[in-house]
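For reference, the chains in residue letters:
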Amino acid sequence: MIYEFSVLTSDEVRRINQQYDKTVKFKDGTTKITTNLVDKTYKNTREIDAHTPEYRYCLDTIHKAFSKTDVLGSVYIMNDITPPIMSEYPEGGFYTEHVDSILIQGLRTDHSLSVFLSDPDEYEGGELVIGNGDAQQSFKCKAGNVLIYPTGLQHKVNKVTKGKRRVAIMWATSSISDPVMRNELIILGRAISNTVHYLENNEEDLLKRQELLVPLEQVRSNLLRTYGDIRQRFS
């Protein structure tokens, strides 16, 4: 399943883009076949060097935003998240069909996260194309939105024909190692979250809200307790 929601404000997006414009230290994006390497046959991108103050600013801004977004843990049941790769696809940039590594920065990769930093009208081409069996879906999300999808899916980024595509890329380990149970718990978590929002707007009786929600939370909590690796996140 693939999910999208807002995670950065327009001001946070603006300030992160200022760091891209300020930095003088980019490095070529790497691809991993047997070892990390630069090969522009497969991938033509660049990244803000992680040893720069501009990268640190982006890292801190994204970390603070994620810390305020409780759904990453409560709904999407993520434990650890890698530091972001602050990537830029210049005109002519692309990434051919690939599957991300099982381990990245020492973490098992269950979720892939792309935080879009450029609005769709700021560049042409550059669609993130995710395959699932014989079907493919293309995405050009609003700046500030995160797209979450299973790391095991094949995907690519089409060539940027005009402008620049900027995106922060991360990976996360789920609390649930079983992918089927993980997906079902995410569906249940989203349903509970939507029910909470509906009841807040349509049911004034707090005891009635509790009566409706507690059985759902009981089922989800017991499944997480049985199948999950639950610990404090994003501290």
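Heads up: these notes are all about the structure in this document. As the structure is a computational prediction, the values presented were derived from the model and not from experiment.

1. Here's the deal with the overall build of the protein
Counting secondary structure elements, the protein contains five helices and 19 strands. Taken over C-alpha atoms, the radius of gyration comes to 19 Å for the protein, in line with the 18 Å a tight globule of 235 residues would show. When burial is assessed residue by residue, the protein has 44% of its 235 residues classed as buried. Looking at the protein alone, contacts between residues at least 24 apart form 79% of all its contacts between residues at least 6 apart. Counting only carbon and sulfur atoms, one obtains 50% of the accessible surface of the protein, whose full area is about 12,600 Å².

2. With respect to unusual backbone geometry
Its identity as a non-glycine residue notwithstanding, Ile77 has a phi of 45°, on the positive side. Along the chain, Ile77 falls in the loop between α3 (71–74) and β7 (78–81). The exposure class assigned to Ile77 is buried, which follows from its relative accessible area of 2%. Not every positive phi belongs to a glycine, and Gln105 is a case in point at roughly 55°. Checked against the element boundaries, Gln105 lands in the loop between β10 (103–104) and β11 (107–108).

3. Focus: the pattern of salt bridges
Scanning the entire structure with this criterion turns up 10 salt bridges. Note that Asp60 is salt-bridged to Arg56, the shortest N-O span being 3.6 Å. Of the two residues, Asp60 and Arg56 both sit in helix α2 (residues 53–67), four residues apart, roughly one turn of that helix. Look at Arg56 and you get partly exposed, because its relative accessible area is 48%. With its nearest N and O atoms 2.7 Å apart, the salt bridge here joins Arg166 to Glu88. You can see Arg166 sitting in strand β19 (residues 165–174) and its partner Glu88 sitting in strand β8 (residues 85–89), a full 78 residues away along the chain. You'll find Arg166 and Glu88 in the same group, each marked buried. Each of the salt bridges in this network shares a partner with another, and the network as a whole consists of Asp21, Arg46, Glu88 and Arg166.

4. Some words on helix α5 (residues 206–227)
Compared with the 32 Å implied by 1.5 Å per residue over 22 residues, the 31 Å span of α5 between its first and last C-alpha is a close match. Taken as a whole, α5 carries its principal kink of about 30° at Leu213; the proline Pro215 stands between one and four residues after it. For α5, the secondary structure elements touched by its buried residues are α3 and α4 (179–202). With a side-chain oxygen lying 3.0 Å from the backbone nitrogen of Leu207, the N-terminal cap of α5 falls on Asp205.

5. Section: the environment of Lys25
Summarising the element assignment, Lys25 is placed in the loop between α1 (10–22) and β2 (26–28). Among the residues examined, Lys25 registers a relative accessible area of 45% and is labelled partly exposed. Ignoring anything within four residues of it in the chain, the contact list for Lys25 reads Glu47, Ile48, Asp49 and Thr52.

6. Brief notes about the pairing of β19
By the criterion of burial, β19 is predominantly enclosed, with 10 of the 10 residues buried. Alternating residues of β19 divide into Arg165, Val167, Ile169, Trp171 and Thr173 and Arg166, Ala168, Met170, Ala172 and Ser174, and every residue in both groups is buried. In this structure, β7 lies alongside β19, joined through two bridges in antiparallel fashion. Counted as the bridge partner of Ile81 is Ala172 from β19. Where β8 lies against β19, five bridges are found, and the strand directions are antiparallel. Bridging from a neighbouring strand, Ser87 pairs with Val167 of β19. Where strand β12 (residues 111–116) lies against β19, six bridges are found, and the strand directions are antiparallel. Paired with Leu113 across the bridge in β19 is Met170.

7. Structural notes on the sheet that holds strand β17 (residues 155–157)
Spatial ordering of the open sheet is given by β5-β9-β17-β14-β15, a layout of five strands whose pairing is antiparallel. In this open sheet, the two edge strands, each paired with only one partner strand, are β5 (43–44) and β15 (135–139). In this structure, β5 lies alongside strand β9 (residues 94–98), joined through two bridges in antiparallel fashion. Note on β9: the bridge partner recorded for Lys43 is Tyr95.

Cut-offs used in this document
- Residues numbered from 1 in each chain as written.
- Predicted model: local features only at pLDDT ≥ 70, side-chain atom pairs only at ≥ 80, totals over all residues.
- Heavy atoms only, no water.
- Helix = DSSP H or I, 4+ residues; strand = E, 2+ residues; numbered from the N terminus.
- Rg over C-alpha atoms; globule rule 2.2 N^0.38 Å.
- Buried < 20%, exposed > 50% of the residue type's maximum accessible area, 1.4 Å probe, protein only.
- Contact = heavy atoms within 4.5 Å.
- Areas by Shrake-Rupley, 256 points an atom, 1.4 Å probe, with all protein chains shown as cover.
- Salt bridge = Lys/Arg side-chain N within 4 Å of Asp/Glu carboxyl O.
- Expected span 1.5 Å × (residues − 1).
- Bend = angle between axes of the 7 residues up to and from the residue.
- Polar contact = N/O pair within 3.5 Å; in protein donor to acceptor, adjacent residues only side chain to side chain.
- Pairing = 2+ DSSP bridges.

Function cannot be read off these values alone, since they describe shape.
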